[in-house]
Amino acid sequence: VQQRLAIQPAYHLRASTVAGVLQDTATAEFTLPEDIDPVRSRLELSLGTSPLSVIRGLRWALYVYPYGCTEQVSSSATPIIALYQAQKSLGDKTLLKGNPGREIEKAVGILSRRQRSDGGIGYWGSTDWTTPWLSGYAGTTLLAARAAGIAVDDSVLARLASYLTKSLHQSQAIRAPVIGWYQDQRSSLSDQVAAADYLSRLGQPDLPAENELLRNAAQIAWEDRVRLAEILARRRAFKAARGLLLPAWKTVTIEGRRAVVPDSVYPVYHYFASRVRPTARLLTATLAVDSAHPLIGPLVETLVQQGRAGLWDYWNTQDYAAVVTALAQFARRQRAAGPREFKVLVGGQVILRSAPQGSPPRDSSVALTGLLGGAAGERSLKLSLQAQATGAPVYYYLTVKEVPLQRPLNPAQEGIQVERWYERLDDSTPVVSVKEGELVRVRLRITVPGDRQFVVLDDALPAGLEAVDLSLRTSGGVPGPGAEQRGYDYIGNEEGGDQEGGGEENGEWYYGSWDAGWWSPFDHKEMRDDRVVYFATVLWRGGYNASYVARATTPGVFIRPPAHAEEMYNPAVYGRSDGGVFTVTAR
């Protein structure tokens, strides 16, 4: 009998990315840490004559993301669906690997099972919170899956339509952890635009609601006005749609080949914000209203030039989903201009050539051995890309996946500070060695210098320890001061509520969670075989503690991986604790 065991690295890989378009020549440069292992680190190149080749390089980030809330499931499925449809229509079998239909079916099943009794789609499950925007986002994913030939239950779509129609005509209070964002009226109007968009895509447009939104267009956010223009174009109301887009087009400036959307349009008012989605929406709306508009080319250039990952431009899943959808629509309209041959060089050495004319473009992955340069104390990778004079532009996506020479042991802080230590359960003595069978308390402390949203705290256990699920206990707990409270923590200052930062209204709470009367800022917790994961919708500036109990089950000396925290939708804001080893001695 052969049993394969999954082995995971005791650290989180770091990726650096550069994307762009190749007309004749281009250069790309990566600045990398000194302790990188060039043998195990790899450069992944995804090139082709379609902007969809860029998306092939993005798929790794969509597949491996481990935290599957409804937004993540929808954002991960949307690009796969778009590529699946493009693969069938364009005949490019290199866009996807494996069985994409199975992945889409999995997403459809997850979203369908999360439908609540009122027809909305819950964030984590069928009894969890939702909003019209979130439900509409999940609904458009289901509609796209159905259009791709995947079976979707009509009753799910009908109940969702009923929920969203009701939200358009009967104002209802939002009872969800994201209620704080609804202090800005633009969030409520964004809900209405999302609901109208789903109904329009379903083929059941709510014309009175669309006309009312058009009448109030001045109060709607820039991105939602662009989305409304696409809705109107769907019913061929092109004059009204163009009237909405004209001010948006005027705000865009051209810098070289790129279209630059002003920072003021980014939806900071929204709980699922994206710095890239407004540009993607403008591209799809412009394609729908004026497919020959001169801004289309520069908008595509902007979307494919992701640039090096950093604190402010790291892409979240909203970005990925929006960009794939927009580029897929562009590819369907793009006229074939013929293939263009190209090559990629490092220091004059060719490391990649395009496939012969008539063959599909190919991707490549090479080790960094012998490719790195730079002065003492730094590493750099300089790439030169060259293409022939004629043919379609070559869109490229380059990713360096960094593997360190040594297992990280020191803490790192990029916007979040994480501390983690172990104590004996009986006397709270800090330990890194216990006897087999003993219980230890794992303590975590996370400190944020500013407000953080949608934070995940991931603590991987040494292999000799196993987390103990105390939720099954029936006695022995000391009730806390909030033993009578249930639900979510509330933020806001509505009538009957408390001051901002954690008040109560009608016995319900909108942030965090309660356990035996003790409040925690983490509103979701998962105890897995190899790790314990916490999720927080909001962490205000300050420090927060979490703890759980683990049992020493296996003697040995085990790696103690760093605990890792990050913003789910902005992973460049992260932090990790120290690492080391943990010893379990035989009984």
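The model shown is predicted, which means the values in this text are computed figures rather than measured ones. (Residues numbered from 1 in each chain as written. Predicted model: local features only at pLDDT ≥ 70, side-chain atom pairs only at ≥ 80, totals over all residues. Heavy atoms only, no water.)

## So, the nonpolar core
Item 1. Counting residues in each nonpolar core, the largest one holds 55 residues, and the members touching the most others are Tyr 123, Leu 465 and Tyr 548.
Item 2. If you list the elements that add at least two residues to this core, you get helix H4 (132–147), strand E12 (417–424), strand E14 (439–448), strand E15 (452–460), strand E16 (465–467), strand E22 (531–539), strand E23 (542–552) and strand E27 (580–585).
Item 3. Considering every element that reaches this core, the biggest residue donor is E22, with seven residues.
Item 4. With residues near it in sequence (within four places) discarded, Leu 465 still touches Tyr 422, Val 440, Ala 550, Arg 551, Ala 552, Thr 553, Phe 582 and Val 584. (Core = buried A, V, L, I, M, F, W, Y, C linked by side-chain atoms within 4.5 Å. Buried < 20%, exposed > 50% of the residue type's maximum accessible area, 1.4 Å probe, protein only. Helix = DSSP H or I, 4+ residues; strand = E, 2+ residues; numbered from the N terminus. Contact = heavy atoms within 4.5 Å.)

## Here's the deal with the environment of His 293
Item 1. Within the secondary structure layout, His 293 lies in the loop between helix H10 (277–289) and helix H11 (296–304).
Item 2. For the pair His 293 and Leu 283, spaced 10 residues apart in the sequence, the C-alpha separation amounts to 10.0 Å.
Item 3. A polar side-chain atom of His 293 sits 3.0 Å from the main-chain amide nitrogen of Leu 295. (Polar contact = N/O pair within 3.5 Å; in protein donor to acceptor, adjacent residues only side chain to side chain.)

## Here's the deal with the side chain of Ser 167
Item 1. The topology assignment puts Ser 167 in helix H5 (residues 154–169).
Item 2. With residues near it in sequence (within four places) discarded, Ser 167 still touches Pro 132 and Ala 195.

## Section: the environment of Ala 460
Item 1. One can find Ala 460 in strand E15.
Item 2. Residues Ala 460 and Arg 531 lie 71 residues apart in sequence; the distance between their C-alpha atoms is 4.1 Å.
Item 3. Apart from residues lying up to four places away in sequence, Ala 460 is in contact with Arg 420, Asp 530, Arg 531 and Pro 561.

## Describing the sheet that holds E12
Item 1. What the four strands build is an open sheet, ordered E12-E14-E23-E16; its pairing is antiparallel. With one partner strand each, in any of the chains shown, E12 and E16 form the two edges of the open sheet. Across the sheet, the axes of successive neighbouring strands diverge by a mean angle of 35 degrees, strand direction being ignored.
Item 2. As judged from the three bridges shared by E16 and E23, these two strands associate in the antiparallel manner. In the sheet register, Leu 465 faces E23, and the bridge partner there is Ala 552. (Pairing = 2+ DSSP bridges. Axes fitted to C-alpha atoms, helices over the stretch in contact; angles between N-to-C directions.)

## Topic: the pairing of strand E6 (residues 342–346)
Item 1. The buried fraction of E6 is high, at four of five residues.
Item 2. Strand direction decides the pairing type here: E6 and strand E9 (residues 379–387), joined by four bridges, are antiparallel. Opposite Lys 343, over in E9, you have Gln 386 as the bridge partner.
Item 3. Both E6 and strand E7 (residues 349–353) contribute to a ladder of four bridges, which runs antiparallel. Within E7, the position partnered with Val 344 by the bridge is Leu 352.
Item 4. Here E6 folds back onto E7, and the loop between the two strands holds two residues, one of which, Gly 347, carries a positive phi near 60 degrees.

## Considering the confidence of the model for the protein
Item 1. A residue-level look at the protein finds 78% of positions with pLDDT of 70 or above and a mean pLDDT of 80.
Item 2. Element-level pLDDT for the protein is lowest in strand E17 (residues 486–487), with a mean of 42, against a maximum mean of 96 in H5.
Item 3. Per-residue pLDDT stays below 50 along residues 62–66; that stretch engages in 10 contacts with residues further than four places along the chain or on separate chains.
Item 4. Within the model, the stretch residues 485–508 combines pLDDT values under 50 with 67 contacts to residues more than four positions away or in other chains. (pLDDT = per-residue confidence, 0-100.)

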